[in-house]
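Observations on the three-dimensional arrangement
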Amino acid sequence: MATVRLPGLIDAHVHLREPGYTHKEDFYTGTAAALAGGVTAVLDMPNTVPPTDTPARFAEKAALAASKAVCDVGLFVGATTDQLDAYLPIAQRACGLKIYVSETFGSLRIEDLGLLHRFFRSWRERAAGDALSLSKGGKSQVADTDERTTQFAIRNSQFGPVAVHAEELMLPVCLNLSHLYGVPLHIVHVTRRSEIELIRRAKEQGYPVTCEVTPHHLFLSSDDLSRLGARGDMRPRLAAPDDVAALWENLPIVDIFATDHAPHTLTEKALPTPPPGVPGVETLLPLLLTAVHDGRLTLDDILLRCVENPRRIYGLPPQPDTFVEVDVDARYELTDASQRTKAGWTPFAGHSVFGKVEKVTLRGQVAYDGHRILAEPGSGKVLFQSV
Ligand code: NCD
Ligand code: ZN
């Protein structure tokens, strides 16, 4: 038995479902599941009901998270067709702007090129304006505001990236808009060979792009669909084995491993048209540690993509005195019954994994002791709220 001490992991893509879908998950159950998986900060997506697209709705969500979360939570704002860019006044309090360009769960899909122009342009103008006012007030390291420095000004002012769900032909559209407007772009859940190779090319050309891959797209493929049924249905869909191979071949350009934790109940998954999405926040670390055990990843590969890079890309603050103790040799079977997510299941049920989280310490307090969540609701912080 070998217990290793790691920094708390960051899951940069989760759906904690509050407000609107609390029968699937809420800020307490979702962040408790995160802690049990060794995750001490999550970035929550805006496709709730109502969506997180105005300052009032953002404030409502931040208050819910602040009273219930047991790990730290960053909140995305989302681009919507009816509120347009109403979130701009509080954009700095968000970890980024999420735009759904491809098929997804919920109603936030944007399919209009004119609107996409608007969202990229307004995010850039807001970020650049913010950087300028900060530099006048002497708080920013931004020295000047000419065209060439504006991209960097966006990061220096702690403005998050535009994060897009953009598959197939929508990917080059978003890459170009980001390049043309000089807005850092983060591509969530990349799945196909054609997509990862395009991102590699864009990175080689100096585009301001980063990307993420989920464990389910690394460890499952379309070959698992007949076995999994609706439990294997998510967007983007599980891809062909050759696409999975391409993700592994291109690991050096994958910036983040994030789960796209998208809980739906098993009752919903049994409907004739089941909602797409699978839970994942608490299986992230054991699945990745199993790949370390199998010689497919190193521990440093995990820490780079689950701690350092998400922190850098989203400008997240450090979490002092925060760490995870994990027995990397403990082997066990993942089951539905052992999942803490309110959804109560995992697409990896039956998988044998290595890596048992024994203790999680958040800001010096034991938040999870390997069996129970000890952290009080509200002990998690909502990030970026003091700006
Ligand atoms: C997500 C959900 O359920 O919110 N579903 C999914 O299949 N990934 C939405 C999304 O991330 O596109
Ligand atoms: Zn998602």
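Above this text you will find the structure in question.
First things first, this report covers the structure right here in the doc. Predicted, not measured: the structure shown is a model, and the values here were computed from it. (Residues numbered from 1 in each chain as written. Chains lettered and ligands numbered in written order. Predicted model: local features only at pLDDT ≥ 70, side-chain atom pairs only at ≥ 80, totals over all residues. Heavy atoms only, no water.)

**Description of empty space enclosed by the protein**
Stated formally: A 1.4 Å probe that fits but cannot get out identifies a cavity on a 1 Å grid over protein atoms alone, an open set with protein on both sides within 12 Å along at least five of seven lines counts as a pocket, and a residue lines either if it has an atom within 4 Å of a point. Grid points are joined across faces, edges and corners, and a volume is the space filled by probe spheres set on the points. As a working rule, the residues Ala, Val, Leu, Ile, Met, Phe, Trp, Tyr, Cys and Pro are called nonpolar, Asp, Glu, Lys and Arg charged, and the rest polar, with Gly in that last group.
Within this structure, the stated rule accounts for five cavities of 30 Å³ or more. Quantified by volume, the largest cavity comes out at close to 140 Å³. Around the largest cavity, the lining is made up of 16 residues, and of these His15, Thr104, Phe105, Arg235 and Asp260 lie nearest the centre. Considering only residue class, the lining of the largest cavity consists of four nonpolar, eight polar and four charged.

**Describing the sheet that holds strand 12 (residues 352-362)**
Note the threshold: Strand pairing is defined by DSSP finding a minimum of two bridges between the two strands. Segments assigned H or I by DSSP are reported as helices when at least four residues long, segments assigned E as strands when at least two residues long, and all are numbered from the N terminus. Think of each axis as a best-fit line through the C-alpha atoms, taken over the contacting stretch in the case of a helix, with angles from 0 to 180 degrees between the N-to-C directions. The contact criterion used is simple: two residues touch if any of their non-hydrogen atoms lie within 4.5 Å.
In space, the four strands of this open sheet follow the order 1-11-12-13, with antiparallel pairing throughout. If you trace the sheet from one side to the other, it starts and ends with strand 1 (3-7) and strand 13 (365-368), each paired once. Adjacent strand axes in the sheet meet at a mean angle of 35°, parallel and antiparallel pairs treated alike. Here strand 1 runs beside strand 11 (residues 323-333); their pairing, made up of five bridges, is antiparallel. When the bridges of strand 11 are listed, Leu6 appears paired with Val324. Where helix 11 (residues 284-293) meets the sheet, it contacts strand 1, strand 11 and strand 12, and its direction lies at approximately 125° from that of strand 12.

**Description of the coordination of the zinc ion (ligand 2)**
Formally: Ligating atoms shown are N, O and S within 2.8 Å of the metal, or 3.2 Å for Na, K and Ca, and water is not included, meaning a site may look less than complete. Just to be clear on the cut-offs, tetrahedral is four donors with all angles between 85 and 135 degrees, square planar is four donors and octahedral six with opposite donors over 155 degrees apart and all others between 65 and 115, and anything else goes down as irregular. Only protein chains enter the accessibility calculation, which uses a 1.4 Å probe; a residue is then buried when its area is under 20% of its type maximum, exposed when over 50%, and partly exposed in between.
With distances of 2.1 Å, the protein atoms coordinating the zinc ion (ligand 2) are His13 (NE2), His15 (NE2) and Asp260 (OD). Bound by four donor atoms, the zinc ion (ligand 2) shows angles of 88 to 146° at the metal and therefore irregular coordination geometry. Mapped onto the sequence, the residues coordinating the zinc ion (ligand 2) show the spacing H-x1-H-x244-D. Of the two residues, His13 sits in strand 2 (residues 9-14) while Asp260 sits in the loop between strand 10 (256-257) and helix 10 (266-269), which places them 247 residues apart along the sequence. For His13, a relative accessible area of 0% puts it in the buried group.

**Topic: the packing of aromatic side chains**
Which entries qualify depends on this criterion: Stacked, tilted and edge-to-face are the three classes assigned to paired rings of Phe, Tyr and Trp, where Trp is represented by its six-membered ring and a pair needs centres within 6.5 Å; plane angles under 30 degrees give stacked, over 60 edge-to-face, the rest tilted. Each ring is checked for a lysine NZ or an arginine CZ that lies within 6 Å of its centre and within 35 degrees of its normal; such an atom marks a charge sitting over the ring.
A full pass over the atoms with the stated rule returns five aromatic pairs. On the numbers, 5.4 Å between centres and 45° between planes, the contact of Tyr21 with Phe105 is tilted. Here Tyr21, found in the loop between strand 2 and helix 1 (27-36), pairs with Phe105, found in the loop between strand 6 (97-100) and helix 3 (113-136); they are 84 residues apart in sequence, far enough to count as distant. Here Tyr21 matches Phe105 in class, with each residue buried. Among the aromatic side chains, those forming a connected cluster through ring pairs are Tyr87, Trp123 and Phe159. Seen from the ring of Tyr21, Lys24 lies directly overhead, with NZ or CZ sitting 5.2 Å from the centre.

**Structural notes on helix 12 (residues 299-314)**
To keep it simple, the criterion reads: For a helix, the expected span equals 1.5 Å multiplied by the residue count minus one. Each residue is assigned a bend, namely the angle between axes fitted to the seven residues that terminate at it and the seven residues that start at it.
With 16 residues, helix 12 should cover 22 Å at 1.5 Å per step; its first-to-last C-alpha distance of 22 Å lies within 8% of that length. The largest bend along helix 12 measures about 35° and falls at Glu308, with the proline Pro310 one to four residues further on. Gly315 occupies a position one or two residues after helix 12 and carries a positive phi of about 65°.

**Digging into the site of ligand 1**
To keep it simple, the criterion reads: The cutoff for a nearby residue is simple: one of its non-hydrogen atoms must lie within 4 Å of the molecule or strand. Whenever two N or O atoms come within 3.5 Å, that pair is a polar contact, provided that in protein one can donate a hydrogen and the other can accept it, and provided that, for residues adjacent in sequence, both atoms are side-chain atoms. Computed with a 1.4 Å probe, the accessible areas rest on the Shrake-Rupley method; for each residue, only the protein chains presented here act as cover. Should more than half of a molecule's atoms lie within 2 Å of a pocket's or cavity's grid points, that molecule is taken to sit in it.
Looking at ligand 1, there are 16 residues lining it, with Arg17, Asn47, Thr104, Arg235 and Asp260 nearest. One of the side-chain nitrogen or oxygen atoms of Arg17 is found 2.8 Å away from an oxygen atom of ligand 1. Between Arg235 and ligand 1, the recorded distance is 2.7 Å, taken from a backbone N or O atom to an oxygen atom. In isolation ligand 1 exposes 320 Å². Once the protein is present, 100% of that is buried. With respect to the detected pockets, ligand 1 is housed in the largest cavity.

**Re the sheet that holds strand 9 (residues 209-213)**
Taking strand neighbours across the sheet as the criterion, the six strands line up as 5-6-7-8-9-10 in an open arrangement whose pairing is parallel. Both edges of this open sheet fall to strand 5 (77-78) and strand 10, since each of them pairs with a single strand only. Running at roughly 160° to strand 8 (residues 185-187), helix 5 (residues 170-181) makes contact with strand 7 (162-165), strand 8 and strand 9 of the sheet.

**Notes on the environment of Ala245**
As for its position among the elements, Ala245 is in helix 9 (residues 241-249). Sequence separation between Ala245 and Arg192 is 53 residues, and the spatial gap between their C-alpha atoms is 9.4 Å.

**A closer look at the side chain of Asp72**
Locating Asp72 in the fold gives a position in strand 4 (residues 72-75). Judged by its relative accessible area of 2%, Asp72 falls in the buried class. Here Gln319 takes part through its side chain, which lies 2.9 Å from a polar atom of the side chain of Asp72. For Asp72, the residues in contact, after removing those within four places along its chain, are Thr40, Ala41, Val42, Gln319, Leu362, Arg363, Gly380, Lys381 and Leu383.

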